[in-house]
Protein chains: 2
Amino acid sequence: MSTPIRIGIVGYGNLGRGVEQAISLNDDLQLVGVFTRRDPGSVQTLSPNTSVHALADLDGTHADIDVLVLCGGSRDDLPRQSPELAQRFSIVDSYDNHAHIPEHFEAVDAAARAGATTAIISTGWDPGLFSLNRLLGEAILPHGHTYTFWGKGLSQGHSDAIRRVPGVAAGVQYTLPAADAIERVRAGENPELSARERHTRECFVVLEPGADPEVVRTQIVTMPDYFEPYDTTVHFITAEELAANHQGMPHGGFVIRSGNSSTDQQQVIEFGLKLDSNPEFTASVLVAYARAAARMAAAVDHGAKTLFDVAPGLLSPRSAAQLRADLL
Amino acid sequence: MSTPIRIGIVGYGNLGRGVEQAISLNDDLQLVGVFTRRDPGSVQTLSPNTSVHALADLDGTHADIDVLVLCGGSRDDLPRQSPELAQRFSIVDSYDNHAHIPEHFEAVDAAARAGATTAIISTGWDPGLFSLNRLLGEAILPHGHTYTFWGKGLSQGHSDAIRRVPGVAAGVQYTLPAADAIERVRAGENPELSARERHTRECFVVLEPGADPEVVRTQIVTMPDYFEPYDTTVHFITAEELAANHQGMPHGGFVIRSGNSSTDQQQVIEFGLKLDSNPEFTASVLVAYARAAARMAAAVDHGAKTLFDVAPGLLSPRSAAQLRADLL
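Definitions and limits used
- Residues numbered from 1 in each chain as written.
- Chains lettered and ligands numbered in written order.
- Predicted model: local features only at pLDDT ≥ 70, side-chain atom pairs only at ≥ 80, totals over all residues.
- Heavy atoms only, no water.
- Pairing = 2+ DSSP bridges.
- Helix = DSSP H or I, 4+ residues; strand = E, 2+ residues; numbered from the N terminus.
- Axes fitted to C-alpha atoms, helices over the stretch in contact; angles between N-to-C directions.
- Contact = heavy atoms within 4.5 Å.
- 1 Å grid on protein atoms, 1.4 Å probe; cavity = no way out; pocket = protein on both sides within 12 Å on 5 of 7 lines; lining within 4 Å.
- Points joined across faces, edges and corners; volume = space filled by probe spheres on them.
- Nonpolar A, V, L, I, M, F, W, Y, C, P; charged D, E, K, R; others polar.
- Least-squares fit on C-alpha atoms with pLDDT ≥ 70 in both.
- Parallel < 35°, antiparallel > 145°, perpendicular 65-115°, else oblique.
- Left-handed = near helix turned anticlockwise from the far one by under 90°.
- pLDDT = per-residue confidence, 0-100.
- Buried < 20%, exposed > 50% of the residue type's maximum accessible area, 1.4 Å probe, protein only.
- Right-handed = clockwise from strand over helix to strand, strands pointing away.

Peer 1: Help me out: how do you make sense of the sheet that holds strand 6 (residues 118-120) of chain B in this one?
Peer 2: The strands that make up a sheet pair up through hydrogen bonds in the backbone, lying either parallel or antiparallel. Residues and elements named next belong to chain B. The seven strands lie next to each other as 3-2-1-4-5-6-14, forming an open sheet whose pairing is parallel. Each edge of the sheet is formed by a strand with only one pairing partner; in this case those strands are strand 3 (52-54) and strand 14 (303-305). Taken over all neighbouring pairs, the strand axes of this sheet differ in orientation by 25 degrees on average, direction set aside. Pairing between strand 4 (residues 67-70) and strand 5 (residues 90-92): three bridges, direction parallel. Paired with Leu68 across the bridge in strand 5 is Ile91.

Dropping the structure here:
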């Protein structure tokens with residue numbers, strides 16, 4: 001058995017916990033510890049054996065870490081942390097602000113080149129595996145259309161929006177792909193689809209005592225941007241039902257490429273995910289790309305990278321010869 | 001616009017025709033010509049502008065070709081052609097004899113290293129895109145099961161077997177994935193599935209005058225290896241129906257990885273293809289990998305490769321910066 005790849009986790013919320021869990025499923029990976037801005041003594045890790053350190057302690061442990069997996073948020077943490085840490089460590093992040101990926105890439109690339117590290121940004125599933133499938137579909141079937149559908153999935157932002165409505169004690173929101181739209185795409189119709197035709201929204205709401213359900217429903221379904229452009233269903237449930245049935249963080253979706261290889265020959269490529277836990281799955285992808293980052297760094301392939309730059313074989317603990325024999 | 005990548009086609013059956021067609025859909029690719037063992041004058045190409053040469057003429061045109069796409073068969077052509085031509089040209093092939101891929105790789109690798117060329121073997125969809133998804137599923141969800149289902153698809157080998165049965169004038173065979181097995185896998189049951197539970201076989205047969213349908217049916221469904229291990233349905237149709245409804249070469253299937261990221265959290269990754277034309281789709285994949293082969297050769301990344309070694313971005317005509325901005 002070769003030397004394990006030593007991984008540090010930066011930030012310990014749902015994603016960080018998922019990375020701790022994912023590392024435990026991979027024999028070739030070793031968790032060095034969790035690095036947090038909080039008081040290390042206040043952080044309860046999944047395993048009692050996981051050591052927790054102050055983020056500032058990263059300076060002293062430099063030599064023991066092959067890759068840092070950054071588990072902070074895309075709004076406030078990663079735009080600063082990824083370039084800063086890429087100067088000293090190979091990193092993987094899940095930066096998911098699609099519109100700002102190019103500038104994030106440039107900032108991380110400059111840092112990683114200066115620091116002679118490898119930094120794979122925007123891994124996960126979207127951006128991530130979905131992006132990979134958008135690329136494959138377009139490259140293989142250049143004459144065609146690509147459709148991305150999300151869900152069924154819990155949306156944190158929309159759940160927060162519900163909870164700000166007066167009269168709402170608690171609630172969650174699920175985004176659902178429209179089944180008939182998916183069927184039209186799968187059938188190769190290449191439809192033009194509005195936001196309303198692509199996804200629907202389903203809310204489960206616990207009312208405050210005395211709140212009028214019809215007033216709350218109207219406030220939700222007419223909320224601009226969040227709900228107005230969609231067909232939205234609101235279910236009123238008890239706090240007990242919310243606790244029993246809506247604590248998970250499911251998500252998923254589909255990337256479908258429908259194209260013609262010649263006039264009469266239609267070809268459809270479909271990639272789909274059905275996830276019980278969005279953060280644990282995202283963490284599983286991050287960890288596979290951490291393995292790739294360690295290998296690319298060892299091969300002196302430095303700078304910022306995306307999934308598009310990573311040869312798939314680098315994601316597997318198995319040798320290239322094993323992969324050819326068993327999986328090709 | 002940069003210089004186009006110049007491609008030669010070796011062998012001109014259904015796959016070679018598909019490659020000719022696929023190249024015409026890609027502005028950055030240019031077809032140099034078709035190279036055949038047949039009399040060049042006897043080969044009718046899709047486009048009247050496609051030049052046809054004797055295979056032996058490849059020697060003289062060496063400098064004009066960036067990549068050869070080999071469109072011969074895996075049994076008789078590729079084991080000899082791929083190593084031979086990789087000594088002088090970068091190549092892409094669709095070698096699909098899974099059990100012999102390791103030795104094919106070694107033979108082609110030695111030739112490509114000696115010739116300083118890049119040779120991507122076993123591209124297409126299985127081996128090919130399905131292999132890629134088997135690798136991704138296993139690397140991301142190490143605790144889980146991978147299932148591959150094929151169909152609905154025309155099977156050439158099984159169609160040939162039907163046509164050898166006495167009393168059969170003509171016929172085709174389709175392999176179908178068992179819908180209930182797929183549903184069990186999608187639901188995360190991780191079932192153990194026998195060959196009979198995984199796929200069914202459906203035959204459309206035109207009888208010779210006077211042949212007894214029950215005798216023919218029995219001979220087909222009891223045929224060892226080909227049909228006995230499966231639930232096989234035989235439909236008797238007229239020659240006109242066969243001509244009208246069974247001339248296409250559809251295929252497809254699914255790769256499903258079902259795994260747990262932690263005890264209670266199940267995650268399912270599914271990749272599926274629904275193809276009107278198996279050879280045209282395979283050709284479309286070959287052509288995208290031909291683009292990658294040309295780029296890897298230009299980057300002095302020589303030797304035999306598989307899809308596992310090819311960074312996905314190399315498959316697209318777009319720049320890395322464009323891909324990050326538009327598809328990530």
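Peer 1: What's the story with the sheet that holds strand 10 (residues 199-207) of chain A in this structure? I'm lost.
Peer 2: Residue and element names in this part refer to chain A. Strand order in this open sheet of four strands is 8-9-10-11, and the pairing throughout is mixed. The open sheet has two edge strands with one neighbour each: strand 8 (153-154) and strand 11 (231-236). Of the pairings in the sheet, the one linking strand 10 to strand 11 comprises six bridges and is parallel in character. Residue pairing across strands places Glu202 opposite Thr233, the latter belonging to strand 11. The strands touched by helix 6 (residues 156-163) within the sheet are strand 8, strand 9 (168-177) and strand 10, with strand 9 carrying the most contacts at an inclination of about 145 degrees. Together, strand 9, strand 10 and strand 11 form the strand contacts of helix 9 (residues 213-221), whose direction differs from that of strand 11 by roughly 150 degrees.

Peer 1: Is there a simple way to think about empty space enclosed by the protein in this case?
Peer 2: To locate leftover empty space, one rolls a probe as large as a water molecule over the atoms. Applying the stated criterion to the full structure yields four cavities of 30 Å³ or more. As for the largest cavity, its lining consists of A:Leu132, A:Leu136, A:Tyr289, A:Val310, A:Pro312, A:Leu315, B:Leu132, B:Leu136, B:Tyr289, B:Val310, B:Pro312 and B:Leu315. Those elements giving two or more residues to the lining of the largest cavity turn out to be helix 5 (129-140) of chain A together with helix 5 (129-140) of chain B. Across the lining of the largest cavity, the residue classes break down as twelve nonpolar, no polar and no charged. Here the second largest cavity is characterised by a volume of approximately 60 Å³. At three residues, the largest contribution of residues to the lining of the second largest cavity is made by helix 11 (residues 278-298) of chain A.

Peer 1: Explain the relation of the copies chain A and chain B here, please?
Peer 2: In this structure, two copies of a chain are linked by a rotation about an axis accompanied by a shift along it. Screw-axis analysis of chain A against chain B gives a translation of 0.0 Å along the axis, an RMSD of 0.0 Å, and a rotation angle of 180 degrees. The relationship between the two copies is best expressed as a two-fold rotation axis. Comparing contact sets, 100% of the residues at the interface of chain A also lie at the interface in chain B, consistent with an isologous, same-surface contact.

Peer 1: Is there a simple way to explain the packing of helix 3 (residues 78-86) of chain B against helix 4 (residues 101-115) of chain B in this structure?
Peer 2: Packed helix pairs are specified by the crossing angle of their axes together with the interaxial distance, meaning the distance between the axes. Residue and element names in this part refer to chain B. The interhelical angle for the contact between helix 3 and helix 4, taken along N-to-C directions, is 20 degrees, at an axis separation of 7 Å. By the angle class used here, helix 3 and helix 4 are roughly parallel. Regarding helix 3 and helix 4, the two cross each other, and that crossing is right-handed. Taking contact as the criterion, the partners of Leu78, Pro79, Ser82, Pro83 and Ala86 in helix 3 are, on helix 4, His104, Ala107, Val108, Ala111 and Ala112. Across the contact of helix 3 with helix 4, the residue classes break down as eight nonpolar, two polar and no charged.

Peer 1: When you look at the confidence of the model for chain A in this model, what are you seeing that I'm missing?
Peer 2: Chain-level pLDDT for chain A is 95 on average; 98% of the residues reach the 70-or-more range. We note a pTM of 0.95 for the whole complex and an ipTM of 0.95 for its interfaces.

Peer 1: I keep staring at the pairing of strand 10 of chain A and nothing clicks. Help me out?
Peer 2: Side-chain positions along a regular strand alternate between the two faces of the sheet. All names here are of chain A. By the criterion of burial, strand 10 is predominantly enclosed, with seven of the nine residues buried. For strand 9 and strand 10, the ladder comprises nine bridges, and the chain directions are antiparallel. Its bridge partner being in strand 10, Val172 is matched across the sheet by Phe204. In this region the chain leaves strand 10, passes through helix 9 and returns to the parallel neighbour strand 11; the handedness of that crossover is right-handed.

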